[in-house]
Amino acid sequence: MGMPIRTATARWDGNLTEGSGTIKTGKGGYQGNYSFKSRFEEGEGTNPEELIAAAHSGCYSMAFSKALADAGYTDTAVETVAKLHFDKTDAGFSVTKIDLETVGTVPGIDDSEFQKIAQAAKEGCPISRLLAPGTEITLSAKLA
């Protein structure tokens with residue numbers, strides 16, 4: 001039996017600049033509004049790129065926690081911020097870069113081992129693998 005298929009739904013009403021929409025996850029864990037202003041300016045609501053950053057930070061935090069456990073360490077917390085760069089390129093608007101900034105509370109680990117495991121987790125994170133072919137992904141990892 002395979003993994004479940006994940007879903008999300010978006011609805012947009014109106015034209016591009018004056019319209020608005022809603023985005024919701026299939027299991028109902030998140031529902032939010034989005035608009036031209038929330039995507040291309042600093043308006044209220046969310047946007048697709050912010051949701052990609054949320055997915056990446058969540059995926060990476062879990063992947064890092066697993067990698068630490070596989071190496072014999074038990075973290076008490078891993079917190080990751082994903083800063084997504086959404087830029088106009090010759091091909092149009094694109095996600096060009098994501099900066100992952102993670103802080104881990106991991107008793108009994110030295111910084112060198114922490115960095116090695118953090119980097120391996122970045123390479124193994126499914127969302128990193130999804131984005132890596134066209135998006136630069138950086139990582140800053142710190143011990144708490």
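Residues numbered from 1 in each chain as written. Predicted model: local features only at pLDDT ≥ 70, side-chain atom pairs only at ≥ 80, totals over all residues. Heavy atoms only, no water.

Comments concerning the overall build of the protein chain
Alright, step 1. For the protein chain, the helix and strand inventory stands at four helices and six strands.
Alright, step 2. In the protein chain, the succession of α and β elements from N to C terminus is β-β-β-α-α-β-β-α-α-β.
Alright, step 3. Based on the C-alpha atoms only, the size of the protein chain along its principal axes is roughly 55 × 40 × 30 Å.
Alright, step 4. Out of the 144 residues belonging to the protein chain, those deemed buried represent 29%.
Alright, step 5. Long-range pairs, those at least 24 residues apart, make up 49% of the contacts in the protein chain between residues at least 6 apart in sequence.
Alright, step 6. Entry remark: accessible area of the protein chain is about 9200 Å², with carbon and sulfur atoms responsible for 53%. (Helix = DSSP H or I, 4+ residues; strand = E, 2+ residues; numbered from the N terminus. Buried < 20%, exposed > 50% of the residue type's maximum accessible area, 1.4 Å probe, protein only. Contact = heavy atoms within 4.5 Å. Areas by Shrake-Rupley, 256 points an atom, 1.4 Å probe, with all protein chains shown as cover.)

Some words on the sheet that holds strand E3 (residues 31-35)
Alright, step 1. Read from one edge of the open sheet, three strands run E1-E2-E3, paired in antiparallel fashion. At either end of the open sheet lies a strand with only one pairing partner, and these are strand E1 (8-13) and E3. Each strand of the sheet is rotated relative to its neighbour by a mean of 20°, with strand direction disregarded.
Alright, step 2. With five bridges connecting them, strand E2 (residues 20-25) and E3 associate as antiparallel partners. (Pairing = 2+ DSSP bridges. Axes fitted to C-alpha atoms, helices over the stretch in contact; angles between N-to-C directions.)

Considerations on the pairing of strand E4 (residues 77-89)
Looking along a regular strand, one sees side chains alternate from face to face of the sheet.
Alright, step 1. As judged from the 13 bridges shared by E4 and strand E5 (residues 92-105), these two strands associate in the antiparallel manner. Across the sheet, residue Thr-80 finds its bridge partner in E5, namely Thr-102.

Concerning the sheet that holds E4
Alright, step 1. If you walk across this open sheet you meet the three strands as E4-E5-E6, and the pairing is mixed. Looking at the sheet topology across the chains shown, the edges are occupied by E4 and strand E6 (136-143). The mean inter-strand angle of the sheet, taken between neighbouring strand axes irrespective of direction, is 15°.
Alright, step 2. Bridge analysis of E5 against E6 gives eight bridges, and the strand direction is parallel. If you follow Val-103 over to E6, its bridge partner there is Lys-142.
Alright, step 3. Against the sheet, helix H2 (residues 48-70) engages E4, E5 and E6, with an angle of about 145° to E4.
Alright, step 4. The sheet contacts of helix H3 (residues 111-124) involve E5 and E6, and relative to E6 the element is tilted by about 150°.

Considering the pattern of salt bridges
Working definition: two side chains of opposite charge can pair if their charged atoms are close together.
Alright, step 1. A full pass over the atoms with the stated rule returns seven salt bridges.
Alright, step 2. Between Glu-123 and Lys-122 there is a salt bridge; the shortest N-O distance is 3.7 Å.
Alright, step 3. Owing to a relative accessible area of 12%, Lys-122 belongs among the buried residues under this scheme. (Salt bridge = Lys/Arg side-chain N within 4 Å of Asp/Glu carboxyl O.)

Quick notes on H3
Alright, step 1. End to end, H3 covers 20 Å across 14 residues, agreeing with the expected 20 Å (1.5 Å per residue, within 8%).
Alright, step 2. Where H3 is concerned, the buried positions are Phe-114, Ile-117, Ala-118, Ala-121 and Lys-122. Each buried residue of H3 lies within a common arc of 145° when the element is viewed along its axis, so the set occupies one face. The outward face of H3, more than 90 degrees from its buried face, is lined by the exposed residues Ser-112 and Lys-116.
Alright, step 3. In this structure, the buried residues of H3 make contact with H2, E5, helix H4 (126-131) and E6. (Expected span 1.5 Å × (residues − 1). Arc of directions from axis to C-beta.)

Observations regarding the packing of H2 against H3
Alright, step 1. At a closest axis distance of 9 Å, the pairing of H2 and H3 adopts a crossing angle of 130°. Considering their axes alone, H2 and H3 lie oblique with respect to each other. Judged by the sense of rotation from one axis to the other, the crossing of H2 with H3 is right-handed. Two secondary-structure elements touch here, H2 through Tyr-60, Ala-63, Phe-64, Ala-67 and Leu-68 and H3 through Phe-114, Ile-117, Ala-118, Ala-121 and Lys-122.
Alright, step 2. Looking at the contact of H2 with H3, its residues break down into nine nonpolar, no polar and one charged. (Parallel < 35°, antiparallel > 145°, perpendicular 65-115°, else oblique. Left-handed = near helix turned anticlockwise from the far one by under 90°. Nonpolar A, V, L, I, M, F, W, Y, C, P; charged D, E, K, R; others polar.)

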